[in-house]
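Reading the structure
Given next are the chains, with one letter for each unit.
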Amino acid sequence: MKLVVNGKPVEVSVPADTPLLWALREEVGLTGTKYGCGRALCGACTVHVDGAPKRSCVTACGDVADKPIITIEGLAENDVLHPVQQAWLEENVPQCGYCQAGQIMTAVALLKARPQPTDDDIDAAMSANLCRCGTYPRIRKAVHRAAELLAKGGSK
Amino acid sequence: MTDWSRRGFLQGVLVGSGALVLAACGGGGQELRIQHADATGELTANLYITVLPSGRIALIVNKAEIGQGVATGYATLVADEIGVPIDHVDVELAGSNKEMRKGGLQITGGSTSTADAYIPLRHAAASARDMLIAAAAAQWHVPASQCRAEGGFVVHGNDKLAFGELTRAAARMPVPEKPRLKTPAEFTLIGKTNRRVDIRGKIDGSAHFGIDVSVPDMVNAYAIHGPVFGAKPTQVRADAAKRRPGVIDVIAFDWGVAIVADKFWQARAAAADVEVTWDKGDAAGLDTAELAKALRTHDGDGTSMHDKGDAKGAIEHGDVKVGGVYEAPYLAHAPLEPNNATAHVVDDKAEIWAPSQSPTIAQAFVAEALGIDMDDVTVHVTLCGGGFGRRAIGDACAQAAQISRHVKRPVKLTWTRESDMTQAWYRPIYAVRAEGAVRGGAVAGVRTRVLSQSIPLSGKTTFGAALSGLPGPLAHLFEDAALALFSTSSVGDIFAAEGLSNSPYTFANFEVTADPVRTKLPVSFWRSVGNSVTGFVMEGLVDELAVAAKQDPFALRRAILPPASKQRRVLDAVEKLSKWSEPLPAGRARGLARHMAFGTEVAQVAEVELEGNRIKVRRVYCVVDCGLIVNPDIVKAQMESAVIFGLSAALDQEITLVDGVVQQRNFDAFPALRMFEVPEIIVQALPSEDKPSGIGEPGLPPIAPAVANALFRLTGVRLRRLPLQRAWNERGAA
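Since the model is a prediction, treat every value here as computed from it, not as a measurement. (Residues numbered from 1 in each chain as written. Chains lettered and ligands numbered in written order. Predicted model: local features only at pLDDT ≥ 70, side-chain atom pairs only at ≥ 80, totals over all residues.)

Looking at the overall build of chain B
The criterion, for reference: Only runs of H or I of at least four residues qualify as helices and only runs of E of at least two qualify as strands under DSSP, and these elements are numbered from the N terminus. For the radius of gyration, the atom set is restricted to C-alpha positions; the globular benchmark scales as 2.2 Å times the number of residues to the power 0.38. Three classes are used. A residue is buried when 20 or more other C-beta atoms lie within 10 Å of its own, exposed when 12 or fewer do, and partly exposed in between, with C-beta atoms placed from the backbone.
Assigned secondary structure in chain B consists of 23 helices and 27 strands. Relative to the globule expectation of 27 Å for 734 residues, the C-alpha radius of gyration of chain B, 27 Å, shows essentially globular dimensions. In terms of its C-alpha atoms, chain B occupies a principal-axis envelope of roughly 80 × 70 × 45 Å. The buried share of chain B, reckoned over its 734 residues, is 60%.

Description of the overall build of chain A
So the rule is basically this: Our contact criterion uses C-beta atoms placed from the backbone: two residues qualify when those atoms are within 7 Å.
Within chain A, the secondary structure is distributed over six helices and five strands. The order of helices and strands in chain A, counted from the N terminus, is β-β-α-β-β-α-β-α-α-α-α. Whereas a compact globule of 156 residues would reach a radius of gyration of roughly 15 Å, chain A reaches 15 Å, a difference of no more than 12%. Viewed in the frame of its principal axes, chain A has a C-alpha envelope of about 40 × 30 × 25 Å. The 156 residues of chain A split such that 60% are buried. Look at the contacts in chain A between residues 6 or more apart in sequence, and 61% of them connect residues 24 or more apart.

Considerations on the interface of chain A and chain B
Filter applied, for reference: All amino acids are sorted into three groups, where Ala, Val, Leu, Ile, Met, Phe, Trp, Tyr, Cys and Pro are nonpolar, Asp, Glu, Lys and Arg are charged, and the leftover types, Gly among them, are polar.
If you look at the interface, chain A gives 41 residues, while chain B gives 43 residues. Here the residues of the side of chain A that touches chain B sort into 23 nonpolar, 13 polar and five charged.

Remarks on unusual backbone geometry
Residue and element names in this part refer to chain B. Between Leu722 and Pro723 the backbone carries a cis peptide bond, its omega angle lying at -5°. Position of Pro723 relative to the elements: it lies in the loop between α22 (703-715) and α23 (724-729). At Val529, a residue that is not glycine, the phi angle is positive and equals roughly 50°. With a phi close to 60°, Ala564 is a non-glycine residue in the positive phi region. Position of Ala564 among the secondary structure elements: in the loop between α19 (553-559) and α20 (566-577). Classification of Ala564 by C-beta neighbours within 10 Å gives exposed; the count is 8.

Points about the domain arrangement of chain A
Residue and element names in this part refer to chain A. Our working definition: Start and end points for every domain follow an automatic or database-based domain assignment.
Domain annotation for chain A reports domain 1 (2-74) and domain 2 (83-153). Placing the centre of domain 1 and that of domain 2 at their C-alpha centroids yields a distance of 21 Å. Listed by partner, the interface residues are 14 residues for domain 1 and twelve residues for domain 2. Tallied by class, residues from the side of domain 1 that touches domain 2 come to seven nonpolar, six polar and one charged.

A short note on the domain arrangement of chain B
Residue and element names in this part refer to chain B. Taken domain by domain, chain B comprises domain 1 (5-203), domain 2 (210-281 + 339-414) and domain 3 (289-331 + 428-729). Averaged C-alpha coordinates put domain 1 and domain 2 at centres separated by 37 Å. On the side of domain 2, 19 residues touch domain 1, which itself brings 14 residues to the contact. Counted by class, the side of domain 1 that touches domain 2 contains six nonpolar, six polar and two charged residues.

Topic: the packing of helix α12 (residues 359-370) of chain B against helix α13 (residues 395-407) of chain B
All names here are of chain B. Spelled out, the test is: To get an axis, a line is fitted to the C-alpha atoms, and for a helix only the part in contact is used. The angle between two axes follows their N-to-C directions and goes from 0 to 180 degrees. Angular relationships are summarised with four words: roughly parallel below 35 degrees, roughly antiparallel beyond 145, roughly perpendicular across 65 to 115, and oblique for the angles in between. Crossing handedness follows the turn of the near helix against the far one: under a right angle anticlockwise gives a left-handed crossing, and clockwise gives a right-handed one.
It is at 8 Å that the axes of α12 and α13 come closest, and there the two elements cross at 40°. Taken together, α12 and α13 sit at an angle that is classed as oblique. As α12 packs across α13, the resulting crossing turns out to be right-handed. Listed contacts from α13 to Ala362, Phe365, Val366, Glu368, Ala369 and Leu370 of α12 are Asp395, Cys397, Ala398, Ala401, Gln402 and Arg405. The residue inventory of the contact of α12 with α13, partitioned by class, reads eight nonpolar, one polar and three charged.

A few points about the sheet that holds strand β6 (residues 153-156) of chain B
Residues and elements named next belong to chain B. Inclusion rule: Paired strands, as defined in this entry, are two strands with at least two bridges between them according to DSSP.
The three strands are arranged β5-β6-β7 in an open sheet whose pairing can be described as antiparallel. Only two strands of the sheet have a single partner each, and these edge strands are β5 (148-150) and β7 (159-162). Here the average twist between neighbouring strands, direction ignored, is 30°. The pairing of β5 with β6 spans three bridges and is classified as antiparallel.

Here's the deal with the nonpolar core
So the rule is basically this: The nonpolar core criterion groups buried Ala, Val, Leu, Ile, Met, Phe, Trp, Tyr and Cys residues into a set whenever they are joined through C-beta atoms within 7 Å.
Ranked by internal contacts, the top residues of the largest apolar core, which has 290 residues, are Val78, Leu132, Ile259, Ile352, Val366, Cys397 and Val707 of chain B. With residues near it in sequence (within four places) discarded, Cys397 of chain B still touches Ala341, Ala343, Ile352, Ala354, Ala362, Phe365 and Val366 of chain B.

Looking at helix α1 (residues 20-28) of chain A
In terms of burial, α1 of chain A is largely enclosed, as seven of its nine residues are buried. What α1 of chain A keeps buried is the set Leu20, Leu21, Trp22, Ala23, Leu24, Arg25 and Glu26 of chain A. Among the structural elements, β1 (2-5) and α2 (61-64) of chain A together with α9 (264-270) of chain B are those in contact with the buried residues of α1 of chain A. Following α1 of chain A by one or two positions, Gly29 of chain A adopts a phi angle in the positive range, close to 85°.

What to know about the environment of Gly62 of chain A
Residue and element names in this part refer to chain A. Note that Gly62 resides in helix α2. With 46 residues separating them in the primary sequence, Gly62 and Ala16 have C-alpha atoms 4.2 Å apart. Excluding residues that lie within four positions of it along the chain, Gly62 makes contacts with Met1, Ala16 and Asp17.

Topic: the sheet that holds strand β10 (residues 247-253) of chain B
Strand pairing in a sheet relies on backbone hydrogen bonds. The paired strands run either parallel or antiparallel. Residue and element names in this part refer to chain B. Strand order in the open sheet formed by seven strands is β10-β11-β8-β18-β15-β16-β17, with mixed pairing between adjacent strands. Bordering the open sheet on either side are β10 and β17 (377-381), each of which pairs with just one other strand. Strand-to-strand twist in this sheet, taken as the mean axis angle between neighbours without regard to direction, amounts to 20°. Bridge analysis of β10 against strand β11 (residues 256-261) gives six bridges, and the strand direction is antiparallel. Looking at β11, one finds that Val250 is bridged to Ile259. Relative to the sheet, α12 contacts β15 (340-346), β16 (349-354) and β17, its axis offset from that of β17 by approximately 140°. Sheet strands in contact with α13 are β8 (219-224), β10, β11, β15, β16 and β18 (411-414), and its direction is about 40° off that of β15.

Below, the structure written as structure tokens:
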């Protein structure tokens, strides 16, 4: 079947019920999307399908064939970080870093839906993603900072 | 992977006993250094630091980067001392290397990394710097004392030479035995930079963790572990699974069943077609409710760990007696990257790639599993997706190695979250009987009796078993080294009573005893180890004493802490920071706790409310004294991290077993704090010129008692059992 990942079509031969997570990691070769729980509990595997955040560990490849999929590797353009990534950098967010791809993908989707999120909006969206290192206070700041960067840049 | 040959030539030449080998390259060392420099343009000053022809510094970090920021901390120390911008340092993580062991082990734990490296690593950098300076001075025919190193150049008046131009000449210079180290007043980066060197890869998806390892010809394995810890498969039906596309083999081992396939998704899918019958398992019959009850009601005084004055008599003659049994459950570490390892075994040699906190322990596990020599196991260390102590254990490495030997290919073994949580080498279960009394408004005496499942004894049975194939002295060395590294004293069951037996409180009458508990469930190091419980015990009891003495918790603590101590300084600071004396909104209360772990003093004030029945921690003030601060933002980050990690455990987490079966298999049953429940955390790190002490763990012990003490002030209910939410829900029930 055909997956469209970060704007590029990729032919993968996996059964339709294979989780998108493993197809991305093992067939497409993009390992930035992480396995954490396998049951949509931790958010480490979050990618965008049709612009909406999806837990790729419980998303069957057959359900997303031909739909646009964006992973963490698809956010930066020509090595220029996405404003959300830039905000993550400026706020020194990551510790171990394992959950951050999922955190960033969830934040990007949040900011698309709510360009000026309140703390309640951030709680509602970002509580889907676990971080065992406890980077949450910085994630909150970084989401606010990203909103400012996006407002200034007006892109993405 | 990293090119290990580059600095490998120095191994066996530099002979040293410390983790940081800095010995001068006498004899053949210098000759080899010159040959290497002439061939490559690299100045390999020592085992850790190489100056590249580009002028960049290649730094080998002999610690696991588990998120605690050691890569940045070490890069900061080196960049400052050698005289380059921090982004001119390229960090590589050290793999297994005998020359880099300390006390027999390469290990990351006990919040020791910065303390261990502060002098030796700067010494290593200063030594390289002085060789570069000597080379430039010789070229200019000026005294070295008139030259300095800064910004990647050696400078003399208006002359300057880039480090990269000096490497060949510097290799010919003698290695200074005692290079001058900068004084804190001269630091340009230490204490002044908040940069982290490893962020970019962690936000663009390019950082490689153990789970991302790929080696040529590699296949993938999915493990099925038994329902009970230590259960062995007695029968495996896998005919249908073996016929699935991509599946290479289904293999039974003592520890479970491995499904090997070209791709992990193929192995995972095939698991549906594998039927396993298990034996009873090592932990059969273990029931945590019964165990906790037995510990709670156990009578007996235990082995003395600390005895001062007459605590028993003082308590008997007290005006008001307080205390009870403080309890804490087993806990999993649950780092977000599940346990994994990649192994390639050829004949009697094994190569391992793993997110490991201890390449030496990984070597020991693999050597034992394969029946080969530890020296024939090479471990490459990857980034770790969290650690918290879990990654000191080499179980996945051993399993991957056994699978690789069987299929004769490199294999990456990725555990499921369910395996990670049910096979975790947990934080030990505890029950601590704590008693105290006040007399005439002052503390008369304190007694604590610790019952906990012993890590050293667990080590003897489990680590010991893992090492039984090895020569006895090595097993002893391993145990002793582990004990020495993780503890603050060296007698008895040190982990069990750490934080009590070495308490800075100056009770006139103070007794600590401990009795080890044994079960078949292995236990190990969990962030802050014994302190994760003893802080809860002592700070709860001290709060009880303050209430009994009708004293403010700050005033009472001042009376039992040494004057002019680090403890008093931190206490004063947190009182001010938290505005302790100012009123709070109705329905909110504050609690105070402090604890010293691994040389670092932390005090916290938690502001707590109840939302229905839910304990809500709204704000945490945290003051830390960790000696000299290398990277202020990382100190702050580690305090935030420990508060949040500790709060997850304090409020909600526990591992329970029913007839040997772990009841929590994923994050639904073993919840971790999420964004909406994270308190505001205000951190203040006190400036200090003392030698740095640890920051990864010491922020954890005070949070549980701070919350429990706040809850007491809010409700009048004293909770002595973790997790607090369950204790609150079950309050009043016997």
